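So you can see what is in the structure, the chains are spelled out below.
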Amino acid sequence: MKRQSFLNVGLAVSLALAPQASAADDLGAGLAGLVIGAMIAGAAQNNPPPRQHRTPRKAAPARPAAEVQADKDMQQALNNFGFDAGPVDGSPGKRTRAAIAAFQGTLGRMQDGVITADQRALLQDAMARERLNPAEAAQLAAANPYGRRGLPAMYQRTPMAPAAPYPTPMPPYPQAPAAPYGQPQAPATPYAQPQLPATPAPAPVPPVAAPAAAAAAAAITAQDSIPDFGDLSPPAASMNNLCNQTNVLTTSNGGMATAEQMPNPGLALDEQFCLARTFATADGEKVAKDVGATQALITSLCGQMKTALSAKLADPAARPPEATLAEIRKVIDASGKTLSATQVSGRVCLAEGYRTDDAAMANVALATLAAADMKPYAELLGHHLREGFGFTANPEASRAWIRFALDAVGSGAAPAVLPNQTAERTAILSKAITAN
């Protein structure tokens with residue numbers, strides 16, 4: 001059967017290869033083709049093509065269960081605070097790394113998407129604290145430009161209050177000793193009650209005679225019928241209050257304004273100020289910790305700087321930013337301090353001013369930083385001038401200081417705050433001060 005197949009194959013090959021000729025030639029060519037075809041078929045049978053062997057891929061080594069669970073906990077905590085980490089599967093991918101980077105941004109840390117052990121612990125502690133005290137979480141979120149996203153950073157700066165001591169247990173009820181079996185039981189000893197001092201009876205109020213009461217009522221004039229507690233003086237401008245209100249408005253609007261979507265330029269400026277204020281506060285507190293400054297030292301030295309420089313910064317709207325900063329620079333140079341040391345002091349005192357809502361201290365710190373070759377900090381002085389924080393509100397001077405800071409960034413100066421959002425913030429600020 002196989003030979004017949006080989007012959008058939010050979011015959012087919014010979015017919016395909018044979019040229020058109022005479023019948024004799026056809027017969028000879030056919031026989032030759034038959035022989036050649038049989039030889040080809042036999043060779044194919046005796047020398048089959050080699051089989052291809054595929055090497056199976058090695059499966060990735062299984063991760064420890066504890067590591068997978070730790071990543072699940074991290075993803076759950078990120079999602080809980082509004083950072084979209086994707087499904088909680090214990091396998092961090094691009095979405096999880098992007099969520100980590102966004103979380104790191106609220107801490108003022110490098111946004112590389114690689115979470116540290118301290119940041120993992122902070123996420124877990126923050127989620128536990130939020131569940132333990134939802135009312136506190138709501139208050140802190142309302143005071144933070146990031147909303148609930150900013151809770152871990154707020155918890156990091158605001159230690160939890162110690163738990164109240166457990167109440168002293170009540171002494172046992174005194175009992176008489178048990179009587180022998182068959183004997184009547186002695187009556188129980190009554191529990192000792194504390195003796196309270198007797199409350200003296202109130203002195204009797206003599207009744208007012210009807211004629212006297214009528215005379216007193218007649219003596220009240222129309223002018224005296226409404227009490228006068230005095231006029232309510234306008235409240236001082238508060239940076240904390242502004243950022244609380246801004247956070248509420250931003251939340252109700254569904255997010256922060258962008259350069260493309262800016263229905264309210266004034267609110268956009270407030271949002272950028274509050275973001276910068278949060279960043280500057282976290283930055284200054286970190287610097288203070290790195291240099292080992294105690295709170296007592298910060299309060300003392302920053303208070304001295306505020307007293308010494310407030311007069312130089314009395315009216316920044318009266319002259320261009322360059323002239324005001326030149327006066328501050330003279331004080332810096334005369335102090336003998338290096339620019340590096342001056343910059344550290346400015347960052348620490350700026351955080352202290354924002355933390356305590358002390359606009360005068362924050363203004364002096366900002367002017368010191370801008371005069372010490374960190375001109376982009378002038379942006380925040382512009383916001384202060386716009387809102388009247390420590391100064392008389394002056395929108396035109398505000399625009400001049402913000403433009404001064406933006407020009408410095410455009411000329412290559414390092415941004416003062418939120419370095420990863422420089423291009424976006426520059427576009428928003430430029431558009432807002434032009435439209436506002």
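Residues numbered from 1 in each chain as written. Predicted model: local features only at pLDDT ≥ 70, side-chain atom pairs only at ≥ 80, totals over all residues. Heavy atoms only, no water.

What describes two packed helices is the angle between their axes and the distance between those same axes. Across the interface, helix H3 (residues 65-80) lies against helix H4 (residues 94-106) with an axial gap of 10 Å and an inter-helix angle of 60°. Relative to H4, the element H3 lies oblique. Crossing hand, H3 versus H4: left-handed. Within the contact between the two elements, H3 uses Met74, Gln75 and Leu78 and H4 uses Thr96, Ala99, Ile100 and Phe103. (Axes fitted to C-alpha atoms, helices over the stretch in contact; angles between N-to-C directions. Helix = DSSP H or I, 4+ residues; strand = E, 2+ residues; numbered from the N terminus. Parallel < 35°, antiparallel > 145°, perpendicular 65-115°, else oblique. Left-handed = near helix turned anticlockwise from the far one by under 90°. Contact = heavy atoms within 4.5 Å.)

Take the nonpolar core next. Core analysis: the largest hydrophobic core is formed by 48 residues, its most contacted members being Phe273, Leu350, Tyr354, Leu366 and Val417. Those elements that place two or more of their residues in this core are helix H9 (239-252), helix H10 (265-291), helix H11 (295-309), helix H12 (321-335), helix H13 (339-355), helix H14 (359-371), helix H15 (378-387) and helix H16 (395-410). Considering every element that reaches this core, the biggest residue donor is H14, with 10 residues. Phe83, Leu122, Ala126 and Met127 belong to the second-largest nonpolar core, a separate cluster that totals 22 residues. (Core = buried A, V, L, I, M, F, W, Y, C linked by side-chain atoms within 4.5 Å. Buried < 20%, exposed > 50% of the residue type's maximum accessible area, 1.4 Å probe, protein only.)

Residue placement: Thr426 occurs in helix H17 (residues 422-435). Among the residues examined, Thr426 registers a relative accessible area of 27% and is labelled partly exposed.

Moving on to the packing of aromatic side chains. Centre distance and the angle of the planes are the two values used to describe a pair of aromatic rings. As enumerated under the stated definition, the model contains four aromatic pairs in all. Here the aromatic rings of Phe83 and Phe103 are separated by 5.8 Å at their centres, their planes lie at 70°, and the arrangement is edge-to-face. One end of the pair, Phe83, is in the loop between H3 and H4; the other, Phe103, is in helix H4, with 20 residues separating them in the sequence. Residue Phe83 shares its accessibility class with Phe103, and that shared class is buried. Consider the rings of Trp401 and Phe404, whose centres lie 6.5 Å apart with planes at 65°: the pair is edge-to-face. Placement of the pair is Trp401 and Phe404 together in helix H16, with a separation of three residues, close to one helical turn. (Phe/Tyr/Trp six-rings, centres within 6.5 Å; stacked < 30°, edge-to-face > 60°.)

Helix length check: H10, at 27 residues, gives a terminal C-alpha distance of 39 Å against a target of 39 Å (1.5 Å per residue), a fit within 8%. Of all the 27 residues making up H10, 22 are buried; the element is thus mostly covered by neighbouring parts of the structure. Backbone nitrogen of Gly266 and a side-chain oxygen of the N-cap are separated by 3.1 Å at the start of H10; the cap is Asn264. Immediately beyond the C-terminal end of H10, within one or two residues, lies Gly292, with a positive phi of roughly 75°. (Expected span 1.5 Å × (residues − 1). Polar contact = N/O pair within 3.5 Å; in protein donor to acceptor, adjacent residues only side chain to side chain.)

Looking now at the state of the cysteines. This structure, assessed with the given rule, holds two disulfides. A sulfur-sulfur distance of 2.2 Å marks the disulfide that ties Cys243 to Cys274. Disulfide Cys243 to Cys274: torsion about the S-S bond roughly -100°, handedness left-handed. With Cys243 in helix H9 and Cys274 in helix H10, the pair connects residues that are 31 residues apart, well separated along the chain. Across this residue pair, the class does not change: Cys243 and Cys274 are buried. A sulfur-sulfur distance of 2.1 Å marks the disulfide that ties Cys302 to Cys349. An S-S torsion of about -90° defines the bridge between Cys302 and Cys349 as left-handed. You can see Cys302 sitting in helix H11 and its partner Cys349 sitting in helix H13, a full 47 residues away along the chain. Of the residues examined, Cys302 reaches a relative accessible area of 2% and is grouped as buried. (Disulfide = S-S within 2.5 Å.)

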